[in-house]
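Okay, here's what each chain looks like letter by letter:
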Amino acid sequence: MAKESGGNEQTHKAHRQHKSGASSKKGKKGKNKGGDGSGADQKKNPKAFAFTSSTKAKKLQSRTAEIEQRRLHMPVMDRSIGEPPPFVVVVQGPPQVGKSLLIKCLVKYYTKHNLPEVRGPITLVSGKHRRVQFVECPNDINGMIDAAKIADLALLLIDGSYGFEMETFEFLNIMQVHGFPKVMGVLTHLDGFKDVKKLRKTKQRLKHRFWAEIMHGAKLFYLSGLIHGKYVKREVHNLARFISVIKPTPLTWRMAHPYLLIDRFEDTTPPHRVLTDKKCDRNIILYGYLRGCNMKKGSKVHITGVGDFSLASMSSLADPCPLPSAAKKKGLRDKEKLFYAPMSGLGDLLYDKDAVYININDHFVQFSKTDGDNDMASTKGKDHDVGQVMVKNLQATKFSIDERLDQSFINIFGRTPPALALNYNDGENDERQIDIEDQNQGDDQELSEKKRAVVECDTDEDSNDNEVSEKEAGQARQSCELREKVEIGDGRIRRRAISSNFTDDVEEEEGDESSDDEDERVDNHEQLSDDSYYLEETDKDEDSEDEAVNSSKWKESLIARTLARRGVNLIQLVYGQPVSNQASAVSDSSESEQSDDEDFFKPKGQANKGIDDKSSFDDINAEDCSKFVKLELKDWHARDLIESIRDRFVTGDWSKAAKRGQDANDNGEEGDDEGAYDYIEDLETGEVYNGGVGADSHEEDKTGAGAEAEERRRKKLALRAKFDAEYNGSDQSDEEEKETENKSHGDKPKEGGFFDKLKEEMELRKQLNMMELNEMDEEIRVEVEGFRTGTYLRLEVHDVPYEMVEYFDPHHPLLVGGIGLGEENVGCMQATVKRHRWHKKVLKTRDPIIVSIGWRRFQTVPIYALEDQNGRHRMLKYTPEHMHCLAMFWGPLAPPKSGVLAVQSLSNNQATFRITATGYVQEFNHATKIMKKIKLVGYPYKIFKKTALIKDMFTSDLEIARFEGAAIRTVSGVRGQVKKAVKANLGNRPKKKGEKVKEGIARCTFEDRILMSDIVFLRAWTQVEIPQFYNPVTTSLQPRDQSWRGMKTTAELRRENNVPIPYNKDSVYKPIKRLPRKFNPLVIPPKLQKELPFKTKPKAPLKIKRPTLDQKRAVIMEPHEKKLLTLVQSLRTLHNEKKRKRELEKEKKRKANEKEKAKTEEVLKKRRREERKERYRREDKEQRRTRRKIEA
Amino acid sequence: MGGKRHMHDCGLSRSIGYFLEPLIILGLFGKKPLTITLKGITNDSKDPSVDTFRTTTLHMLKRFGVPIGDGLDLKIERRGAPPLGGGEILLQIPIVPNTLSAAHWIDEGMVKKIRGIAFSTKVSPQIVNRVIYAARGIFNSFIPDVHIFSDHRTNAAGGGSPGYGISLVAETTTGCLISADVAVSDRKADEMEEEMDEKPKLTPPEELGEQAASMLLEEIEQGGVVDSTHQGLLFILCALCPPDVSKVRVGKLTPYGIETLRNIRDFLGVTFDIKPDPNSGTVLLKCVGSGIKNLSRKIS
């Protein structure tokens, strides 16, 4: 890898093993131990000898402790309440591996339906409490990224006959960056193996490779082969069981952001607009289950591959694929409810906000051909099916009901606007619209049931018709009823809508409250809860028809009265209401009441002033001041005043104070209205509404409060225990895992007090949240908390580019992610990245990369850097090969810790690994500083003693001023300092008169005199600008088969335009040659020598005139020695002679060989030339022919 | 944002208390812990005084998971009364590591002790004693545990102009702090010019003490876990919590509190569920926090 990326000529220093020191000994010792026979003997039972030294034992202990601690991770708080959304199973794999077939088989297994084609997400009910949503992952990198972001479980399909392919690893890497969900491998194409042994070997090999990638013991499933073009039933069954036990892992990013996997998509642009302009911006509606966290109204969303949008409207719909436990409807066949896949064209009911579409397959309905009395069909003269006509009929009636309902609503609004306003927090028109529509939808659902019922009676034409008419009649009756009641109030209809949309506990709550009644105190207490208001109507419903009319009258008056007297709902008061409403309320309060109770519901001070309430806090010009100054203060010397707050002090009555607190607590927890309004007497009719226990129950409540608290605590404890059990269970979801765990740690790791405490705190917090939220009204709850996870949402988005609709492809998962606070801002991010080790090249600074962070994908221009030891960020031209580095880039901000995935290009035809780099965001850095080295070069212009004027280093005097005092250096190593810009008088005179003084000449001082031939350097750092560029990747706005094109890299541009890489001869690295230095002998001048003391004087060796003894002595050999010498000499001569001869022979042979070679070469050359000739001739001919053709 | 040795002159139009409230929240969500010196008017009749801030506001943060003493501190180096100011405080704010924690703060408890600080700058030190005496006179009929410190400043530590005032804090059995403060000084320069003909009338010390005591008692009467001045800050802190339910009890909603609630809804998208509690005459507010994290903190 290193060679490939670094270039061929660059060689690296070889690794040299230590030959001395502790580390070299360590290795040897270990080897010796292993190699020794005795050592091997000793290790027969290593456990028995584990405890030989205390230090070793200590080390072992700390090691195991560390492993245990590493297994623990911070518990994540699961804030989701209620039914979880369907579990997303992403089926991923290289092309032709059998993804769609697997989904089809699973769908067949769950629903007994044959799925013709897998398009878009398919929601199934897989068990009593579980739903699964299958998504097929497309093979382009965009689709893979999106799929990885939503997967709760990824099924990685692997072609067993081929082995792993890059797609699998790419997908794994994407998942690792964006939060690793559960992963299961599935091996397919195993029927190609004829040899059982080979099959086993392959399985083993692939399994171990898979383990290496994920973790030891990761589940790899085998699908042995196909039977009748389907996977084996038993194996699919097993796989389904595996899927059903897996629990989703909590992932930080997803837990903090709401997101939807879109399973239905509609274009609702008015047709006339499309007709006039085909390319006009469209309005679309997106449907999907809400996941992640709660989503508040008015939040912005990111649609992957399109961009950021604010939602035009957002509403929850009835679950199209409810859990069996939640669905109580008997009208539908169970078989059909288990299934929802609108993009695949399956699933028979489509719930919209204002309509329900029924899709009935022909073979489920037995249409008869007779037209009968249907004049509509006959007038058209076509062969219409009765069923269709019926549906049409029903639709017609439905619309009429709708219209009527609408009308009736308008009536109510006209009559009693304040009453309605109570129902909504926010009195904006559109929201009101939604509510009404919701309600309509509820009715529609009912209708649809009826329709279904009709459709199902396939016995007789006549009876059918009868029923239809009956139903219609019933509906008409109902609508009449509605209308009657509508005059009274809209409460009943509303409630019905709620009950259809939400779970039954709302109803239960209301039922509970219905036991309570209202009181005369209504007059005093101005707040009348909506619930109680509706309650009376439920009571009334039980009454007979005519009574209802009567009671409606008294009710009207009651309502009117309460309305007149009531103060304003506090939420309403704070967050505002329609102007008329507010005004009336305010005038009411200021006019009529001044009682003590009254003023407490109004902002402080208003009551006291009592003149103009609105101005006090609506006044824009009022000074912004948190301190609220009262103009008049009470006189606290007064006895009664003192008594009034005596109990607020510890010196007062503790029991009374405790009671106050308790009351308050009770009220706080049970929704204030119950205690206060449990007794209502109607003045007109004299009827007393006493809610069973009434006022007497008040004390009971108090005594019961303690018990209740106790009970609540117990409940909490129980729930916590359950939670703990679940948490542990999820840790060990796999059987194998459990086993291995049990083996490795005989006892469960002690999680420690801290850990337990954390979990306990979280659980308590969750219980508290649930309790507080459940006691709110539904609408307020949605307003406060947002839509809960698991609800089926309908998002309306306006002004979407038309390309999105044009090129919408259900095969690609469409993800809508909520944008958190501050995440829509654009800024500079600092991320730690590492080039992926399988990517072939290092990355270059300023080469655009495509980055996936959070929900978004965008192209940006990064600058790589490393942090120096002094904290400076130094720019890097290229990423390091095997190291993390910092990357600074511009883009929409993502919170720190979110994963970063970089891809160089999105095209599909890339053979190699597509993931370029991975990392995570470190921080936002608005004042980011990346520095790079700069070397300013100058030349002496004039040299005084140790001062020199340097030219060409700076261009202006201003620049010099910036660098005053900077250190400089010459090539020869003389150091110096920049002083100041040279003034005109000092050697820097204009050559001619009138010429301007040359700028940019600096006066510098050095530690020594420099030469004119010296070059002066100034080494400095300069800041690198981070390019403020980012380009959202809009792959959903173009045909999916085209690859997205963004900014090109310099290399690409060079290649396209045939521009050579600029070549600077000086920049080429050359091998450094270091010649051995030659030192001249030391010469001490004779003058100096003379002065030196004798000790240090060089002493020339004395000339010896006579030869030494060694020289003089002659050596005479012994006769034996002489003999030996002659023998050796003769042998040597013999050998030399032989060698000479051999050499000669060799030379001769070589020459002959060469001659032969030359000959064959000649022949070859000739042949080659002929071949070439022939080829050229042929090509020429062909060319001529084509040219002729073209001309012809 | 963050860092040490910052300095800011708050000017003379508003007192430092006006700047402190937003600063403390900004500081909590900064990149580094903040240490800043603020100069200007420390005690003012219009804005909450720095004493109140030190004794009450900083302790509010404790409820939201910001520990006191751990880099959260306010030191009054000099006092400055209007019109000339000259006060100086040193504020230290730590950063939150990740998020605040949601508060369930509805138990107001009973007042167990009353503390306070009376200050005077560039006036006779006797005035402080008179203020304290008058305030104690009112509290005597309620609770014996009253202790009001005196803080007399002269020379540079006393700022530019004469003034005196008092800041009172009532602590309840559940640790809620309810505060009130008043201050008296010469009118501000611009106001003074307008009303030159009238002789500016200053509240006498006795009256001031009584006024402060009555204000505190009124705050106590209203109930709630914080006083009316701190409502806005309390709501903001609730809204900045992780998406858990925060529940707080306050007395009557002040216009400023209401304005803050609206701003919170507009900027953070957090809506409060507001319910009156008729028994105690207080208001219960519930909200689900916006889940703001300290995004600017560096992850190493």
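What you see is a predicted model; the values in this text were computed from it and never measured.

**Observations regarding the side chain of Arg264 of chain A**
Here comes step 1: By secondary structure assignment, the location of Arg264 of chain A is in strand S9 (residues 259–267).
Here comes step 2: Polar side-chain contacts of Arg264 of chain A include one of 2.7 Å to the side chain of Glu266 of chain A.

**Quick notes on the sheet that holds strand S10 (residues 282–291) of chain A**
Here comes step 1: In space, the six strands of this closed barrel follow the order S9-S10-S18-S12-S11-S19 (chain A), with antiparallel pairing throughout. The mean angle between the axes of side-by-side strands here comes to 40°, regardless of whether they run parallel or antiparallel.

**Considering the sheet that holds strand S6 (residues 111–121) of chain B**
All names here are of chain B.
Here comes step 1: With mixed pairing, the four strands of this open sheet are ordered in space as S7-S6-S8-S9. The strands lining the two open edges of the sheet, one partner per strand, are strand S7 (146–153) and strand S9 (177–185). Neighbouring strand axes in the sheet, compared pairwise and without regard to direction, differ in orientation by 10° on average.
Here comes step 2: As defined by bridge partners, S6 adjoins S7 across eight bridges and the pair is classed as parallel. If you follow Gly116 over to S7, its bridge partner there is Ile148.

**Re the packing of helix H5 (residues 99–111) of chain A against helix H9 (residues 233–245) of chain A**
Residue and element names in this part refer to chain A.
Here comes step 1: Two elements in contact, H5 and H9, have axes separated by 10 Å at closest approach and are oriented at 85°. Classed by the angle they form, the pair H5 and H9 counts as roughly perpendicular. Contact with H5, carried on its side by Leu102, Cys105, Leu106, Tyr109 and Tyr110, involves Val236, His237, Leu239, Ala240 and Ile243 of H9 and no other residues of that element.
Here comes step 2: Looking at the contact of H5 with H9 residue by residue, the class counts come to nine nonpolar, one polar and no charged.

**Side note on the pattern of salt bridges**
Here comes step 1: Within the structure shown, the criterion is met by 47 salt bridges over all chains.
Here comes step 2: Several salt bridges share partner residues, and in doing so they unite Glu772 and Glu775 of chain A together with Lys247 and Lys286 of chain B into one network.

**Examining the side chain of His302 of chain A**
Here comes step 1: Along the chain, the position of His302 of chain A falls in strand S11 (residues 300–303).
Here comes step 2: Every residue in contact with His302 of chain A, bar those within four places of it in the chain, is listed here: Gly307, Asp308, Leu815, Val816, Gly817, Ile819, Trp855 and Arg856 of chain A.

**A closer look at the interface of chain B and chain A**
Here comes step 1: Residue-level contacts link 86 residues of chain B with 76 residues of chain A.
Here comes step 2: Carbon and sulfur atoms make up 57% of the surface buried where chain B meets chain A, a total of about 7500 Å² over both sides.
Here comes step 3: Together, Met110, Phe142 and Leu295 of chain B form the three largest contributors to the area buried by chain B at its contact with chain A, with a combined 10%.
Here comes step 4: Here Glu221 of chain B and Lys634 of chain A are joined by a salt bridge, their closest N and O atoms 3.0 Å apart.

**Thoughts on the pairing of strand S23 (residues 863–867) of chain A**
All names here are of chain A.
Here comes step 1: Relative to strand S25 (residues 884–892), S23 is paired through three bridges, and the arrangement is antiparallel. Its bridge partner lying in S25, Ala865 is registered against Leu886.
Here comes step 2: Pairing between S23 and strand S24 (residues 873–876): four bridges, direction antiparallel. In the sheet register, Tyr864 faces S24, and the bridge partner there is Leu876.
Here comes step 3: What sits between the antiparallel neighbours S23 and S24 is a turn of five residues, in which Gly871 has the positive phi angle 90°.

**Quick notes on the environment of Ala967 of chain A**
All names here are of chain A.
Here comes step 1: Looking at where Ala967 falls in the secondary structure, it is placed in strand S30 (residues 967–970).
Here comes step 2: With relative accessibility at 57%, the residue Ala967 sits in the exposed group.
Here comes step 3: When the C-alpha atoms of Ala967 and Phe1006 are compared, they prove to be 9.7 Å apart, with 39 residues separating the residues in sequence.
Here comes step 4: Non-local contacts of Ala967, meaning those with residues more than four positions away in its chain, are made with Gly976, Leu1018 and Arg1019.

**Describing the UniProt feature "domain: Bms1-type G" (unreviewed entry) in chain A**
Here comes step 1: UniProt feature "domain: Bms1-type G" (unreviewed entry): in the numbering of this structure it lies at residues 84–249 of chain A.
Here comes step 2: Helix makes up 40% of residues 84–249 of chain A and strand makes up 24%, while its end C-alpha atoms are separated by 13 Å.

**What to know about the nonpolar core**
Here comes step 1: Ranked by internal contacts, the top residues of the largest apolar core, which has 66 residues, are Leu100, Leu234, Phe272, Ile274 and Leu285 of chain B.
Here comes step 2: Not counting residues within four places of it along the chain, the set of residues in contact with Ile274 of chain B comprises Leu570, Ile571, Val574 and Tyr575 of chain A together with Leu253, Leu261, Val283, Leu284 and Leu285 of chain B.
Here comes step 3: Ranked by size, the runner-up nonpolar core spans 44 residues in total, among them Val135, Val183, Leu187 and Ile915 of chain A.

**Comments concerning the packing of aromatic side chains**
All names here are of chain A.
Here comes step 1: Counted under the stated rule, the structure contains 20 aromatic pairs over all chains.
Here comes step 2: An angle of 80° between the planes, with centres 5.2 Å apart, marks the rings of Trp838 and Phe913 as edge-to-face. Placement of the pair is Trp838 in the loop between strand S20 (826–835) and strand S21 (849–853) and Phe913 in the loop between strand S26 (899–903) and strand S27 (915–924), with a sequence separation of 75 residues.
Here comes step 3: Judged by its relative accessible area of 22%, Trp838 is partly exposed.
Here comes step 4: The exposure class assigned to Phe913 is buried, which follows from its relative accessible area of 2%.

Basis of the calculations
Residues numbered from 1 in each chain as written. Chains lettered and ligands numbered in written order. Predicted model: local features only at pLDDT ≥ 70, side-chain atom pairs only at ≥ 80, totals over all residues. Heavy atoms only, no water. Helix = DSSP H or I, 4+ residues; strand = E, 2+ residues; numbered from the N terminus. Polar contact = N/O pair within 3.5 Å; in protein donor to acceptor, adjacent residues only side chain to side chain. Pairing = 2+ DSSP bridges. Axes fitted to C-alpha atoms, helices over the stretch in contact; angles between N-to-C directions. Parallel < 35°, antiparallel > 145°, perpendicular 65-115°, else oblique. Contact = heavy atoms within 4.5 Å. Nonpolar A, V, L, I, M, F, W, Y, C, P; charged D, E, K, R; others polar. Salt bridge = Lys/Arg side-chain N within 4 Å of Asp/Glu carboxyl O. Buried area = accessible area lost by both parts, 1.4 Å probe. Buried < 20%, exposed > 50% of the residue type's maximum accessible area, 1.4 Å probe, protein only. UniProt positions renumbered as here; feature names shortened; annotations may be inferred. Core = buried A, V, L, I, M, F, W, Y, C linked by side-chain atoms within 4.5 Å. Phe/Tyr/Trp six-rings, centres within 6.5 Å; stacked < 30°, edge-to-face > 60°.

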